[in-house]
Amino acid sequence: MAAKARIVATILLVCAILLPLLASAFDNRPEFLEHDSSKTNVTISGDNNIVRANNYDLTIPRSDDEKRNERSLKEKKKKKKNKKNKKGKKSHEHEHEHEHEHEHEHEHKNEHEDEDETFDPTIGGGQQGTGGFSRLFPGYNVPPITGEREQPEINGGLREGFYQKTCPQAEQIIKDGLIRAVQNDYTIAAAIPRLFLHDCFVNGCDGSILLDTTPSGERVEKLSGTNGVTVKGFELIDEIKAELEETCPGIVSCSDTLAYLSRDAFVASGLPHYEVPGGRRDGTVSFEANVAGNLPLPGDTVDQMIDLFMKKGLNVEDLVVLIGAHSIGVAHCFNFLYRLDEPQKAQNIDPRLGNVMRFTCTNQMSTLAFDATTQYKMDSVFYKQLLMKRGLLESDQILTQDIRTRGFVQKFGDDEMGWFNKFGNAMNNLGSIEVLTGNQGQIRRQCRVVNL
Ligand code: HEM
């Protein structure tokens, strides 16, 4: 009997030692969140973007502060879990009492929130959401628009909750469409906001970039070389617009669809949710000739960028806040490779990035991620990379050299939450450029053609 007890005690002791070890072996975080400078392989992959940058490490070592923050976050999480377990026990004791049902539900919600804190490398996320899609996509939950009161008009006649009465499902349909698309192809999340920028800067946010033809028969914006192969996402917009038309015919404009979709793309990539005012109507013209001079170019000087943004009603801070959109997505080699050929420009590139450029750009149509460490995640790593001369575009890199912009780059690199808080507002400034509202323009039935 005593021998049996000793055997059982030994088994228990072995389990007590081995189980925690096994558990920690499975406690893996996505590789790119580790910022471990000892890793030497940087692998960037996507549907139309498969790049391997072996032996070049472009990750940023974590600072002591970051490590401390991480530790304290882990501790807080542990404490929260312990507290929750205690609470859970208590509420089980009173299961039959109705008043505890709600509390119980709430706890389940918290449980999921805790699980959702794990970052999904394939999509980003990690801030507010629970339930439904957010189980798959952490942080992805658009708060429902509640109440019947209409929001005041802001941003040039636009209004939050614009479709609240006329098509309450609109924002959800758009969000669901984005999530479906991202599940299929992560790169679409970066493509959509670029489309929005290129729509808004040329003739205002009127959906003119989406048009294939117009009654005038002139060449349209999307045919311009500056757009060309570098803009995509038109099929997704067709798909979502078809759904919107089925649910609420003639109500939701293509330009609003693009505005909401851009927000959803950023949120799916990890940005906290922000409200987007609606009410844009669609234009009926689109001219290729309008593109030149209205879109920023990778070889622009800081003066040129600031001037262009000012012309569109955006200030220097908006410029640096919004350039953070390059935290996700890619650029084609033809947009940056030329920098290596000019010694003065090449000086402004970290030699290791230079090597990656040479290695990857076997032809000008190859692509590289703006931020090789967290390509699919909106985070302030992009700004930190700029400060280490690891910006892909010349126009991004020179923002660290000009007195008007450098301070912002440093600030947002150090304070991700501060940058997040400014991002939605800056996007809404972008989204209100020369909008058509009221009875101007039209609500296109199909985004590629004007209603006749
Ligand atoms: C201010 C000057 C800017 C310049 C010179 C610029 C230039 C560029 C260039 C050259 C690319 C790469 C295109 C390619 O090769 O495929 C790009 C991509 C991108 N841009 Fe900008 N951009 C600017 C501002 C912005 C702003 C304000 C936004 C915010 C919406 C933005 C969002 C993006 C995104 C998300 C991509 C990635 C697209 C993808 O991966 O499909 N850019 N930009």
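The shown structure was predicted, so the numbers you read here are calculated from the model rather than taken from an experiment.

Chemist: Is there a simple way to think about the coordination of the iron atom of the ligand in this case?
Modeler: Ideal values differ by geometry: the angle at a metal is 109.5 degrees with four tetrahedral donors, but 90 or 180 degrees with six octahedral donors. Exactly one donor from the protein chain reaches the iron atom of the ligand: H326 (NE2), at 2.1 Å. Assignment of secondary structure puts H326 in the loop between α10 (316–323) and β5 (330–332).

Chemist: I'm lost on the confidence of the model for the protein in this one. Help?
Modeler: The predicted coordinates ought not to be read in detail in places where the model reports low pLDDT. The share of residues in the protein with pLDDT of 70 or more is 65%, and the mean pLDDT across the chain is 78. For residues 15–67, every residue scores under 50 in pLDDT, and the model assigns this stretch 95 contacts once sequence neighbours within four places are set aside. Contacts for the low-pLDDT stretch residues 86–148, under 50 throughout, to residues beyond four places or in other chains number 96 contacts.

Chemist: Would you explain the layout of surface pockets in this entry?
Modeler: By volume, the second largest pocket amounts to about 1,000 Å³. Mapped by element, the contributors of at least two residues to the lining of the second largest pocket are α6 (188–201), α8 (254–268), α9 (302–311), α10, β5, α14 (394–397) and α16 (416–430). Here the lining of the second largest pocket is built from residues that sort into 30 nonpolar, 16 polar and three charged.

Chemist: Would you mind going over the UniProt feature "site: Transition state stabilizer" (unreviewed entry) in the protein with me for this structure?
Modeler: As annotated in UniProt, the feature "site: Transition state stabilizer" (unreviewed entry) corresponds to R194 in the numbering used here. Within the element layout of this structure, R194 appears in helix α6. Residues in contact with R194, not counting those within four places in the same chain, are T226, T230 and V231.

Chemist: Can you help me understand empty space enclosed by the protein in this one?
Modeler: Unfilled space is identified by rolling a water-sized probe across the atoms. What the rule picks out here adds up to two cavities of 30 Å³ or more. The calculated volume of the second largest cavity comes to roughly 50 Å³. What lines the second largest cavity is F196, A259, R263, Y274, V276, R280, M427, N428 and G431. Of all the secondary-structure elements, those providing two or more residues to the lining of the second largest cavity are α8 and α16. In terms of residue class, the lining of the second largest cavity is built from five nonpolar, two polar and two charged.

Chemist: When you look at the site of the ligand in this model, what are you seeing that I'm missing?
Modeler: Near the ligand you find 24 residues, and of these R194, H326, V330, H332 and N335 are the closest. Separating an oxygen atom of the ligand from a backbone N or O atom of V330 is a distance of 2.9 Å. Only α6, α9, α10 and β5 provide two or more residues apiece to the shell around the ligand. Considering each element in turn, the shell around the ligand owes the most residues, five residues, to α6. Across the shell around the ligand, the residue classes tally to 17 nonpolar, six polar and one charged.

Chemist: Explain the nonpolar core here, please?
Modeler: Ranked by size, the top nonpolar core spans 73 residues in total, and within it F201, F266, F423 and L430 carry the most contacts. Those residues within four positions of F423 in sequence are excluded, and the remaining contacts are F266, L271, V321, L322, G324, A325 and M378. Grouped together as the second largest cluster of nonpolar side chains are 14 residues, F336, L337, I349 and F370 included.

Chemist: Would you mind going over the packing of aromatic side chains with me for this structure?
Modeler: In this description, an aromatic ring pair is defined by two values, namely the gap between the centres and the angle between the planes. Evaluation of the coordinates by the stated rule reveals eleven aromatic pairs. On the numbers, 5.6 Å between centres and 65° between planes, the contact of F382 with Y383 is edge-to-face. By relative accessible area, Y383 is classed as buried at 0%. For the ring pair F408 and F412, a centre distance of 6.1 Å and an interplane angle of 15° mean the geometry is stacked. Remark: F412 and F408 occur in helix α15 (residues 403–414); sequence separation between them is four residues, near one turn of the helix. Put simply, the rings of F266, F382, Y383, F408, F412, W419, F420 and F423 pair up and form one aromatic cluster. A cation over a ring is seen here: K222 above F234, with NZ or CZ 4.1 Å from the ring centre.

What counts as what
- Residues numbered from 1 in each chain as written.
- Predicted model: local features only at pLDDT ≥ 70, side-chain atom pairs only at ≥ 80, totals over all residues.
- Heavy atoms only, no water.
- Donors = N, O, S within 2.8 Å, 3.2 Å for Na, K, Ca; no water.
- Helix = DSSP H or I, 4+ residues; strand = E, 2+ residues; numbered from the N terminus.
- pLDDT = per-residue confidence, 0-100.
- Contact = heavy atoms within 4.5 Å.
- 1 Å grid on protein atoms, 1.4 Å probe; cavity = no way out; pocket = protein on both sides within 12 Å on 5 of 7 lines; lining within 4 Å.
- Points joined across faces, edges and corners; volume = space filled by probe spheres on them.
- Nonpolar A, V, L, I, M, F, W, Y, C, P; charged D, E, K, R; others polar.
- UniProt positions renumbered as here; feature names shortened; annotations may be inferred.
- Near = heavy atom within 4 Å.
- Polar contact = N/O pair within 3.5 Å; in protein donor to acceptor, adjacent residues only side chain to side chain.
- Core = buried A, V, L, I, M, F, W, Y, C linked by side-chain atoms within 4.5 Å.
- Buried < 20%, exposed > 50% of the residue type's maximum accessible area, 1.4 Å probe, protein only.
- Phe/Tyr/Trp six-rings, centres within 6.5 Å; stacked < 30°, edge-to-face > 60°.
- Lys NZ or Arg CZ within 6 Å of the ring centre and 35° of its normal.

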